[in-house]
Amino acid sequence: MIHLDGIPLPQFVWLNRFGYSSFVSRAEYSLDGSQHIEVASKQAGKPVVLYSDAEALSEFETLETHANTAGANSFNLNINGTELTVMWDYSSQPISGVPTINYSDDDPEQIDAITLKLITV
């Protein structure tokens, strides 16, 4: 099960768990036309995307409040025993979801397609 800063997320899955490269490179050409390539190991900043098909509005609001108050503070993310220190990825919308049914005079009961965007620190 996934726990985000103590908040249990039993229906969430880790979408981008596989296929991450821990290296970054930069290539440039010198004035004589030869290519110079630099390669380094990333020290942090691995994106972590969690997804759920649907959750109750109260669960979504709890996560949204966390995202809106955490700021630059890091926190623990436990994914099936794998401990990560993360923060919300504010470079794009850190949490998103779509109401199952939109009501003109009441809150929705459920939020669908919930995506949480985090980065390791």
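Residues numbered from 1 in each chain as written. Predicted model: local features only at pLDDT ≥ 70, side-chain atom pairs only at ≥ 80, totals over all residues. Heavy atoms only, no water.

Visitor: Looking at this structure, I do not really get the pattern of salt bridges. What am I missing?
Guide: Oppositely charged side chains can form a pair if their charged atoms are brought close together. In the structure shown here, the tally under the stated rule is 1 salt bridge. With its nearest N and O atoms 3.7 Å apart, the salt bridge here joins Arg26 to Glu28. Look at Arg26 and you get exposed, because its relative accessible area is 55%. What makes Glu28 partly exposed here is its relative accessible area of 38%. (Salt bridge = Lys/Arg side-chain N within 4 Å of Asp/Glu carboxyl O. Buried < 20%, exposed > 50% of the residue type's maximum accessible area, 1.4 Å probe, protein only.)

Visitor: How should the side chain of Asp89 be read in this particular structure?
Guide: Mapped onto the elements of the fold, Asp89 is located in the loop between strand 8 (82–88) and strand 9 (95–99). An unpaired buried charge is present at Asp89: no salt bridge exists, and Lys117, the closest side chain of opposite charge, is 6.9 Å distant. Here Ser91 takes part through its side chain, which lies 2.5 Å from a polar atom of the side chain of Asp89. In contact with Asp89, not counting residues within four places along its chain, are Pro94, Lys117, Leu118 and Ile119. (Helix = DSSP H or I, 4+ residues; strand = E, 2+ residues; numbered from the N terminus. Lys, Arg positive; Asp, Glu negative; His and termini not counted. Polar contact = N/O pair within 3.5 Å; in protein donor to acceptor, adjacent residues only side chain to side chain. Contact = heavy atoms within 4.5 Å.)

Visitor: Could you clarify how one ought to interpret a nonpolar patch on the surface in this entry?
Guide: There is a patch of nonpolar side chains on the surface, built from Phe23, Ile37 and Val39 and spanning about 320 Å² of accessible area. Structurally, the position occupied by Val39 is in strand 5 (residues 35–41). Relative accessible area serves as the criterion here: at 56%, Val39 is assigned to the exposed category. (Patch = residues over 30% accessible without salt bridge, like charges linked within 9 Å, V, L, I, M, F, W, Y side chains within 5 Å. Areas by Shrake-Rupley, 256 points an atom, 1.4 Å probe, with all protein chains shown as cover.)

Coordinates in, geometry out; function isn't part of it.
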